[in-house]
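Chains, contacts and geometry: an overview
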Amino acid sequence: MLNNVKKDFFTLTEYREKVAPTQTDKDGNVIFLYSANADRQHSYISAAEKKDMMYYC
């Protein structure tokens, strides 16, 4: 299971379906954004959230 920085939990398939609309590149690859330390990367996470993107940690 994956959890995003908001502490919501998803299976890998659920997470992929959730992020695919906003995190798919020009070649059709779904991009998963990952943070090992959400506190230290807060500015990057905030910028992504403004674009409706999700980080998992």
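Fair warning: this is a prediction, and the values are worked out from it, not measured in the lab.

1. Notes on the overall build of the protein
Counting secondary structure elements, the protein contains two helices and four strands. The globule rule puts the C-alpha radius of gyration for 57 residues at 10 Å, and the 11 Å found for the protein is close to it. Expressed as lengths along the three principal axes of its C-alpha atoms, the size of the protein is roughly 30 × 25 × 15 Å. Contacts spanning at least 24 positions in sequence make up 36% of the contacts within the protein whose residues lie at least 6 apart. When the accessible area of the protein is evaluated, it comes to approximately 4300 Å², of which 49% is carbon and sulfur surface. Each charge class in the protein can be summarised by its mean position, and for the 8 positive and 8 negative side chains these summaries are 6 Å apart.

2. A few points about the side chain of Gln-23
The topology assignment puts Gln-23 in the loop between helix H1 (12–19) and strand E3 (33–34). Judged by its relative accessible area of 3%, Gln-23 is buried.

3. Observations concerning the packing of aromatic side chains
This model, assessed by the stated rule, comprises two aromatic pairs. Ring centres 5.5 Å apart and planes at 65° place the aromatic pair Phe-10 and Tyr-15 in the edge-to-face group. For the pair Phe-10 and Tyr-15, one class covers both residues: buried. Taking the centre distance of 5.4 Å and the plane angle of 65° together, the rings of Tyr-15 and Phe-32 count as edge-to-face. Taken together, the residues span a long stretch of sequence, with Tyr-15 in helix H1 and Phe-32 in the loop between H1 and E3 at a distance of 17 residues. Judged by its relative accessible area of 0%, Tyr-15 falls in the buried class. On the accessibility criterion, Phe-32 (27% relative accessible area) is partly exposed.

4. Here's the deal with the nonpolar core
Listed in full, the seven residues of the largest apolar core are Leu-2, Phe-10, Tyr-15, Val-19, Val-30, Met-54 and Tyr-56. Filtering out sequence-adjacent residues up to four positions away, Met-54 remains in contact with Asn-4, Phe-10, Tyr-15, Lys-18, Val-19, Gln-23 and Leu-33.

Analysis parameters
- Numbering of residues starts from 1 in every chain and runs along the sequence as written.
- Local features are withheld for residues below a pLDDT of 70 in this predicted model, meaning they are given only at 70 or higher, and side-chain atom pairs are given and counted only at 80 or more; totals for whole chains, interfaces and linings count all residues.
- Heavy atoms throughout the structure, all of them, feed into the side-chain values; hydrogens and water do not.
- A run of DSSP states H or I qualifies as a helix once it reaches four residues; a run of E qualifies as a strand once it reaches two. Both are numbered from the N-terminal end.
- The size measure is the radius of gyration over C-alpha atoms, and the globule rule it meets is 2.2 Å times the number of residues to the 0.38 power.
- Only heavy atoms matter for contacts: two residues are in contact if any of them lie within 4.5 Å across the pair.
- Surface accessibility in these figures is a Shrake-Rupley result with a 1.4 Å probe; residues are shielded only by whichever protein chains are displayed.
- Think of it this way: Lys and Arg go in the positive column, Asp and Glu in the negative one, and His and the chain ends go nowhere.
- Here the site of a charge means NZ on Lys, CZ on Arg, CG on Asp, or CD on Glu.
- A simple rule labels every residue: compare its accessible area, found with a 1.4 Å probe on the protein chains alone, to the largest value its type can have, and call it buried under 20%, exposed over 50%, or partly exposed in between.
- Two rings belonging to Phe, Tyr or Trp (six-membered ring only in the last case) form a pair when the distance between their centres is within 6.5 Å. Interplanar angles under 30 degrees mark stacking, angles over 60 mark edge-to-face geometry, and anything in between is tilted.
- Residue types Ala, Val, Leu, Ile, Met, Phe, Trp, Tyr and Cys, when buried and joined through side-chain atoms within 4.5 Å, form a set referred to as a nonpolar core.

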